[in-house]
Amino acid sequence: MASNARTYIAKILKEGVGYVGGQWVRAASKREFEVVDPASLARLAMVAEMNDEDTRIAIAAAEAGFKDWSRTTARERARALRAWHDAVMREQEVLAVLMTAESGKPLGESRAEVAYSASFLEWFAEEAPRVVGSVDSGVGSDRRLVTVRQPIGVSACVTPWNFPMAMLTRKCGAALAAGSAVVVKPAEDTPLTALALAWLAQGIFPAGALNVVTTSRAGAERVGAALCDSDSVRALSFTGSTAVGQWLYERSAPTVKKLALELGGNAPFVVLDDADVELAAACAMASKMRNAGQTCICADRFIVHESVYGDFIEALLLRMRGLRMGRCLEDESANLGPLVNSRAANRAADLIAQARDVPGTRISETHVERVADLGGFNFVSPTLVEVPLDRIYQTRCWTNETFAPIVAVAMYSGPDDRALAIANSDPTGLAAYVVAGNLARGWRLAEKLEAGIVGVNEAIVSHAHANFGGIKQSGLGREGGSRGIDEFLEDKYICLGGLDSS
Ligand code: ADP
């Protein structure tokens with residue numbers, strides 16, 4: 001499979017290029033940066049190291065692309081998105097291999113992500129013709145209050161490495177459906193899938209409607225600043241860390257952009273006293289171990305009632321031990337890969353080390369020898385950290401989103417509101433989970449949880465159909481669903497007067 005990925009890269013990518021104005025272009029500086037397989041650190045490709053100058057060129061290309069694209073009919077946009085969807089699904093297998101190569105995630109997860117990514121293109125193809133305004137005739141016979149919905153214009157999409165395709169299609173699918181043009185900046189760890197998507201989009205959209213500006217970590221701030229500082233960029237959609245989101249928010253203030261920010265969470269996972277423990281453990285695994293714990297909606301803080309605590313820990317540890325850790329490009333049956341890079345792996349090691357220093361914590365690591373067998377690299381052993389309830393706020397893997405296969409669990413006693421208070425005591429509010437035997441109890445808790453997304457007896461909650469986004473410090477706006485397209489539209493109110501001839 002590794003050779004598959006390389007053949008595909010060779011087929012689609014001239015090395016060292018980004019995609020601007022419908023052309024494959026080198027960086028103004030002529031510099032490039034390396035993309036590696038996180039499971040082995042083997043080099044996969046060199047990609048253009050673009051900077052602020054390249055970004056301004058891409059914005060100008062998007063302005064030109066916007067002129068053509070915004071004039072198309074909604075039905076034409078729907079057909080184009082559908083064609084992109086079909087192209088992605090035709091190449092599903094190689095795209096999945098490419099994604100596993102640069103992100104390290106299990107191949108089964110990559111295959112599922114390609115289909116999930118394509119589902120956003122299909123969804124927004126269907127949404128495009130449903131963008132309609134309104135007419136209000138209620139204020140008097142001499143006038144009509146008309147609202148037309150217009151594409152916002154050039155939109156910047158800054159995407160993360162954990163879902164390198166799905167986050168791109170979720171943003172660009174919505175923007176393009178609205179008639180807006182986009183400049184995408186993919187994450188430095190995973191630019192190849194973004195370039196592959198652009199390659200598949202060639203000839204479908206007018207030149208400049210979709211642009212991809214690649215840059216290394218060191219260059220991200222310059223590119224980000226150029227996007228924020230531009231008056232032509234009217235919307236910015238970002239998925240990533242809270243710190244970078246806050247920086248983009250602040251930097252966008254002078255140009256007063258419309259922002260959609262999908263930032264970090266620290267999701268509570270509440271197991272009530274009447275929960276089915278096997279279901280709770282299965283949901284915990286599905287949420288926590290997906291992409292080795294590197295999703296924004298991964299369960300993070302497990303709040304488990306004392307009456308089911310022992311059984312839950314036993315069921316969970318059994319499943320954690322059963323995970324097959326491996327280099328996912330070589331081992332198709334592996335369901336746990338490495339973390340994306342050494343920064344992530346070192347951070348996970350620091351969180352576990354800090355938890356060891358907290359009195360009363362109990363730590364179970366399940367794959368220590370396997371990590372050594374695999375040569376270390378960015379592999380992190382799935383780790384269960386049991387934290388005494390009175391020490392949770394001293395334990396960093398409790399107070400921080402871990403983005404690693406670390407399960408922090410605390411035991412509570414008493415009524416459901418005790419669990420609710422712990423769950424809500426965090427400044428973030430992206431996802432939350434409840435496992436309950438009595439659905440009415442689960443529902444009541446779901447309504448009181450401070451999160452934009454709640455799973456009740458269900459851990460897989462992301463769908464193209466759903467409005468995805470957070471509250472509190474987890475962000476602004478919604479993606480996907482019926483609301484996702486709104487981020488790339490402006491409402492214009494036109495008052496049509498002089499209608500009363502009598
Ligand atoms: P992580 O720490 O998990 O990599 P980040 O929030 O740093 O998450 O990265 C998400 C995306 O934001 C990536 O595409 C990254 O390159 C980008 N990024 C990081 N810093 C900036 C910045 N100052 N401006 C624009 N994009 C940035």
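These figures come from a predicted structure and were not determined experimentally.

Undergrad: Which residues make up the site of the ligand, and what values do they have?
TA: Close to the ligand lie 19 residues; Thr159, Lys185, Glu188, Arg217 and Ser241 are nearest. Within the side chain of Glu188, a nitrogen or oxygen atom sits 2.5 Å from an oxygen atom of the ligand. Within the side chain of Ser241, one N or O atom sits 2.6 Å away from an oxygen atom of the ligand. Considering the ligand on its own, with 550 Å² of exposed area, one finds that the protein chains cover 90% of that surface. Those elements giving two or more residues to the shell around the ligand turn out to be α8 (217-229), β10 (233-239) and α9 (242-251). Looking at the shell around the ligand, the element that brings in the most residues is α8, giving four residues.

Undergrad: Describe helix α6 (residues 166-178), and please don't skip the residues or the numbers.
TA: Spanning 13 residues, α6 covers 18 Å between terminal C-alpha atoms, matching the ideal 18 Å at 1.5 Å per step. The buried fraction of α6 is high, at 13 of 13 residues. Among the residues trailing α6, Gly179 stands out with phi positive, at a value near 100°.

Undergrad: Residues and numbers for the packing of helix α4 (residues 92-103) against helix α7 (residues 191-201), please.
TA: α7 packs onto α4 with a crossing angle of 155° between their chain directions and a minimal axis gap of 8 Å. Classified by the interaxial angle, the pair formed by α4 and α7 is roughly antiparallel. Residues Leu95, Leu98, Met99 and Glu102 of α4 touch α7, and the partners they reach there are Pro191, Leu192, Thr193, Ala196 and Leu200.

Undergrad: Give a description of the sheet that holds strand β6 (residues 144-151) that names residues and reports values.
TA: If you trace the three strands from one edge of the open sheet to the other, you get β5-β6-β22, paired in antiparallel fashion. Whereas interior strands pair on both sides, the edge strands pair on one side only; in this sheet they are β5 (134-136) and β22 (489-496). Averaged over all pairs of adjacent strands, the angle between their axes in this sheet comes to 20°, without regard to strand direction. Of the pairings in the sheet, the one linking β5 to β6 comprises three bridges and is antiparallel in character. Residue pairing in the sheet places Asp136 in a bridge with Leu145 of β6.

Undergrad: Quick rundown of the nonpolar core? Include the residues and the values.
TA: Grouped together as the largest cluster of nonpolar side chains are 78 residues, with contacts concentrated most on Phe269, Phe302 and Phe312. Ranked by residues supplied to this core, first place goes to helix α11 (residues 306-321) with eight residues. Excluding residues that lie within four positions of it along the chain, Phe312 makes contacts with Val271, Val277, Ala280, Ala281, Ala284, Phe302 and Val304. Counting 66 residues, the second largest nonpolar core, distinct from the first, contains Ile12, Phe124, Val182 and Ala209.

Undergrad: Hey, could you go over the state of the cysteines for me, with residue numbers and the actual values?
TA: What we call a disulfide is simply a covalent bond connecting the sulfur atoms of a pair of cysteines. Tallied over the full model, the rule gives zero disulfides. Free cysteine: Cys172, not disulfide-bonded; nearest cysteine sulfur from Cys157 at 4.3 Å. For Cys172, a relative accessible area of 0% corresponds to the buried category. Lacking any disulfide linkage, Cys397 is separated from the closest cysteine sulfur, that of Cys298, by 14 Å. A relative accessible area of 1% means that Cys397 is categorised as buried.

Undergrad: Can you tell me about helix α15 (residues 416-423), naming the residues and giving the values?
TA: Among the residues of α15, Asp416, Ala419, Leu420, Ile422 and Ala423 are the ones counted as buried. Down the axis of α15, the buried set is contained in an arc of 165°. They therefore lie on one face. At its buried positions, α15 is contacted by β12 (267-271), β13 (299-305), α14 (396-399), β16 (406-412) and α16 (439-448).

Undergrad: Describe unusual backbone geometry, listing the residues and the values that go with them.
TA: Phi is positive for Ala292, close to 55°, though the residue is something other than glycine. In this fold, Ala292 is placed in the loop between α10 (277-288) and β13. Look at Ala292 and you get buried, because its relative accessible area is 3%. Notably, Asn457 is not glycine yet its phi reads approximately 55°, a positive angle.

Undergrad: Just give me the short version of the pattern of salt bridges, but keep the residues and values in it.
TA: A side chain with one charge can pair with a side chain of the opposite charge if their charged atoms come near. As enumerated under the stated definition, the model contains 32 salt bridges in all. The salt bridge involving Arg26 is made with Glu32; its shortest N-O contact spans 3.1 Å. With a shortest N-O distance of 3.6 Å, Arg31 and Glu49 are connected by a salt bridge. With Arg31 in the loop between β2 (23-25) and β3 (32-36) and Glu49 in the loop between β4 (43-48) and α2 (52-69), this residue pair connects regions lying 18 residues apart in the sequence. A relative accessible area of 9% means that Glu49 is categorised as buried. Within this structure, Arg170, Lys171, Glu262 and Glu479 form a network of salt bridges that share partners.

Rules of the game
- Residues numbered from 1 in each chain as written.
- Predicted model: local features only at pLDDT ≥ 70, side-chain atom pairs only at ≥ 80, totals over all residues.
- Heavy atoms only, no water.
- Near = heavy atom within 4 Å.
- Polar contact = N/O pair within 3.5 Å; in protein donor to acceptor, adjacent residues only side chain to side chain.
- Areas by Shrake-Rupley, 256 points an atom, 1.4 Å probe, with all protein chains shown as cover.
- Helix = DSSP H or I, 4+ residues; strand = E, 2+ residues; numbered from the N terminus.
- Expected span 1.5 Å × (residues − 1).
- Buried < 20%, exposed > 50% of the residue type's maximum accessible area, 1.4 Å probe, protein only.
- Axes fitted to C-alpha atoms, helices over the stretch in contact; angles between N-to-C directions.
- Parallel < 35°, antiparallel > 145°, perpendicular 65-115°, else oblique.
- Contact = heavy atoms within 4.5 Å.
- Pairing = 2+ DSSP bridges.
- Core = buried A, V, L, I, M, F, W, Y, C linked by side-chain atoms within 4.5 Å.
- Disulfide = S-S within 2.5 Å.
- Arc of directions from axis to C-beta.
- Salt bridge = Lys/Arg side-chain N within 4 Å of Asp/Glu carboxyl O.

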